[in-house]
Amino acid sequence: MKRLFCPAAAALLAALAQAAAPVSYYNEVRPVIQRYCSGCHQPASKMSDLVLTEYTGILKGGKKHGSAIAKGAPDTSPLVRSVNGALEPRMPLGGPNLPDEAVELLARWVREGAEDDTPAEARAPQVPKEPPSYTQPPVITGMAFSPDGRTLAVGGFKEIVLHKADGSGIQARLLGRSDKIHSLSFTPDGALLVAVGGTPARFGEIQVWDVASRKQIRSVTATADTLFAGDVSPDGKRVAFGAADKTVRAVELETGKELFKAGHHEDWVLQTVYGIDGKRIVSVGRDRAARLADAESGAFRENVNLLREKLYAVARHPRRDYILIGGEDRVPYLYTMDRPRALKIADDSTLIHKFEEQEGKIFALAFSPDGARIAVGGIASEAPIYDTESGRRVAACKGHSGGIFTIAFHPGGKQLATAGFDGVVRLYDAASGKEQKAFIPVPLENGEREAE
Ligand code: HEC
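Residues numbered from 1 in each chain as written. Predicted model: local features only at pLDDT ≥ 70, side-chain atom pairs only at ≥ 80, totals over all residues. Heavy atoms only, no water.

1. Things to note about the overall build of the protein
This is how it is decided: Strands here are runs of E lasting at least two residues and helices are runs of H or I lasting at least four, both read from the DSSP assignment and numbered beginning at the N terminus. With the radius of gyration taken over C-alpha atoms, the globule rule is written as 2.2 Å times the number of residues to the power 0.38. Exposure is judged per residue with a 1.4 Å probe applied to protein chains only, and the accessible area is read against the type maximum: over 50% gives exposed, under 20% gives buried, and values in between give partly exposed.
Along its length, the protein carries 6 helices and 28 strands. Relative to a compact globule of 452 residues, whose C-alpha radius of gyration would be 22 Å, the protein shows 25 Å and is just as compact. If one aligns the C-alpha atoms of the protein with their principal axes, the spans along those axes are about 70 × 60 × 50 Å. Counting all 452 residues of the protein, 53% fall into the buried class.

Structure (structure tokens):
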């Protein structure tokens, strides 16, 4: 038998070829840092002032040893010395040593000049010139009715699609940089539309749109990952939102200025709402807490809830400081926002009401405009509506073939809109739960628009 191929030689050749190619910061170094270092060396971390999640942070370095890299000289670079045992304390702090290949990768990158090869597209993703074309409906994670009740804004892929509120047609397509929109909110006067989203593992973005002219008047980039659902303040001047870097932040709409960045969560912050007076915010996330904070400074005040399971959604009663939360454990909980007295361990005295357990995790919650009803969306493909006060189920909105990620009551209170995984927007009569209209909110390449 003739041997065409020697595996050992092939492996050696592959290793040589790999060794010959310069180390890429973007494709090789960044993932190592993300995996082993970013937990403690990111902007929101209180462990160290050294930020390793951005190239500029690596260059700038830490208080003790200065720049983490000396280009061309791994032996004097703290980035390398901290992981190969030359510097105390050895990094990752308290964890197992870095695998030899990872240490060698960092050293080679520094030896080769420690260049930043982040592609231009990843640095500053562009607004598409043409509306995106779709072969299948996009997963929908953000949706909102305008205060005048005429428009339903729906988040698509790199765009927001404005629909007539009855689903009878598209008013406009607003193209933006973010792949995904996690929340849409109109200012109370209806003049501005604020989108919170981003492109996973790349950047987070706040988009501010002038509704009348359909022009984007601001794009604010924050963090190196997508941002999660936000809320516009009752005075229409600010937006608060959560991020995958565990922070809650707020941005001023007029200037784009970041007002604060608060690090009181221990995991991703998935949704944020303002209190009625705009002076407080409540944020929820994977750390299971609904955290009440000062809306001016972001300073943490107290936990609203007794910690149970991961939380994915929060909504505020339109007329009172009541907070509805839900997530992993499938139960919607209604709490008062403030505690009349100091928190005791395992105190759950501010719980007003526990609603019926859902068939799946909860991803979206909404109050009707008068606060009399709540609607629940999640993995279960129906969205039940409950009487807020009695907790009685009054309707169930059926039809989706997949999770519901966003729900909104029409400002008139008579309709509920739902959307999610299947890419279909459904409009229901809020009293009976009867479906009135179902439509795919983007033009599909094959021209389909009506959903069955
Ligand atoms: C569990 C938390 C944690 C992890 C993970 C971690 N570090 Fe650190 N790091 C720290 C703390 C805390 C300090 C400050 C230590 C001190 O000064 O005593 C620090 C300090 C440093 C410094 C010196 C900063 C200065 O002030 O000049 C470098 C360099 C460093 N870390 C690199 C890394 C690298 C590279 C990784 C990943 C391979 C990593 N660290 C992972 C917690 C961590």
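Moving on, there is more to tell.
2. Overview of the coordination of the iron atom of the ligand
What counts is decided by this rule: Donors, by definition, are the N, O and S atoms found within 2.8 Å of a metal, the threshold being 3.2 Å for Na, K and Ca, and water is not counted, so a site can look incomplete. Angle rules define the geometry names used: all angles between 85 and 135 degrees makes four donors tetrahedral, while opposite donors over 155 degrees apart and all other angles between 65 and 115 make four donors square planar and six octahedral, leaving every other case irregular.
Bound to the iron atom of the ligand are the protein donor atoms His41 (NE2) and Met91 (SD), situated 2.0 to 2.2 Å from the metal. Relative to the metal, the 6 donor atoms surrounding the iron atom of the ligand lie at angles of 86 to 177 degrees, and the coordination shape comes out octahedral. One end of the pair, His41, is in the loop between helix H2 (25-36) and helix H3 (55-60); the other, Met91, is in the loop between helix H4 (78-81) and helix H5 (100-111), with 50 residues separating them in the sequence. The buried category is assigned to His41, whose relative accessible area is 11%. You can call Met91 partly exposed: its relative accessible area is 22%.

3. Structural notes on the site of the ligand
Quick note on the threshold: Only a single heavy atom is needed: when it lies within 4 Å of a molecule or strand, its residue is near that molecule or strand. Under the rule applied, a polar contact is a pair of N or O atoms within 3.5 Å (in protein, one hydrogen donor and one hydrogen acceptor; residues adjacent in sequence only if both atoms are side-chain atoms). Throughout, the ten residues Ala, Val, Leu, Ile, Met, Phe, Trp, Tyr, Cys and Pro are labelled nonpolar, Asp, Glu, Lys and Arg are labelled charged, and all others, Gly among them, are labelled polar.
Neighbouring the ligand are 21 residues, the closest being Cys37, Cys40, His41, His65 and Met91. His41 places a side-chain nitrogen or oxygen 2.7 Å from a nitrogen atom of the ligand. The contact in question runs from an oxygen atom of the ligand to an N or O atom on the side chain of Lys64, over 2.9 Å. Counted by class, the shell around the ligand contains 14 nonpolar, 5 polar and 2 charged residues.

4. A closer look at unusual backbone geometry
In this chain, Glu88 is followed by Pro89 through a cis amide linkage whose omega measures -10 degrees. Tracing the backbone through its elements, the reader meets Pro89 in the loop between H4 and H5. Residue Pro92 follows Met91 across a cis peptide bond; omega there is -5 degrees. The topology assignment puts Pro92 in the loop between H4 and H5. Phi is positive for Thr223, which is not a glycine, with a value near 65 degrees. Structurally, Thr223 is set in the loop between strand E8 (215-222) and strand E9 (227-232). Positioned with a positive phi, Lys246 is a non-glycine residue whose angle comes to about 75 degrees. Residue position: Lys246 is located in the loop between strand E10 (238-243) and strand E11 (248-252). Assessed through its relative accessible area of 28%, Lys246 is described here as partly exposed.

5. Some words on H2
Heads up, the rule is: The directions from the helix axis to the C-beta atoms form the arc being described.
Every buried residue of H2 is accounted for by Tyr25, Tyr26, Val29, Arg30, Val32 and Ile33. The arc that holds the buried residues of H2, viewed along the axis, is 165 degrees, so those residues lie on one side. In H2, the exposed residues that point more than 90 degrees away from the buried face are Asn27 and Arg35. Of the residues flanking the start of H2, the one acting as N-cap is Ser24, its side-chain oxygen 3.3 Å from the backbone nitrogen of Tyr26.

6. Concerning the side chain of Thr151
By the element assignment, Thr151 lies in strand E2 (residues 151-155). Given a relative accessible area of 11%, Thr151 falls into the buried group. A polar contact is formed between the side chain of Thr151 and the side chain of Gln171, at a distance of 2.9 Å.

7. A few points about the pattern of salt bridges
Using the following cut-off: Definition used for salt bridges: Asp or Glu carboxyl oxygen within 4 Å of a side-chain nitrogen of Lys or Arg.
The final tally for this structure, using the stated rule, is 24 salt bridges. Across the pair Glu328 and Lys361 runs a salt bridge whose closest N-O atoms are separated by 3.4 Å. Residue Glu328 is located in the loop between strand E18 (322-327) and strand E19 (333-336), and its partner Lys361 is located in the loop between strand E20 (351-354) and strand E21 (362-367); the two are separated by 33 residues in the primary sequence. Among the ionic contacts, a cluster of salt bridges with common partners joins Asp277, Arg280, Asp321 and Asp338.

8. Considerations on the packing of H2 against H5
Stated precisely, the cut-off is as follows: Whenever a helix is involved, its axis is fitted only over the stretch in contact; in every case the axis is a line through C-alpha atoms, and angles between N-to-C directions fall within 0 to 180 degrees. In what follows, roughly perpendicular refers to angles from 65 to 115 degrees, roughly parallel to angles under 35, roughly antiparallel to angles over 145, and oblique to any angle outside these ranges. Each helix crossing is assigned a hand: it is left-handed if the near helix lies turned anticlockwise from the far helix by less than a right angle, otherwise right-handed if that turn is clockwise. Contacts were defined at the residue level, with two residues in contact if any of their heavy atoms lie within 4.5 Å.
Direction vectors running N to C along H2 and H5 enclose 135 degrees, while the axes themselves pass 10 Å from each other. Relative to H5, H2 is oriented oblique. Read as a crossing pair, H2 and H5 show a hand that is left-handed. Across from Tyr25, Glu28, Val29 and Val32 in H2, the residues of H5 making contact are Ala102, Leu105, Leu106 and Trp109. Classifying every residue of the contact of H2 with H5 gives 7 nonpolar, no polar and 1 charged.

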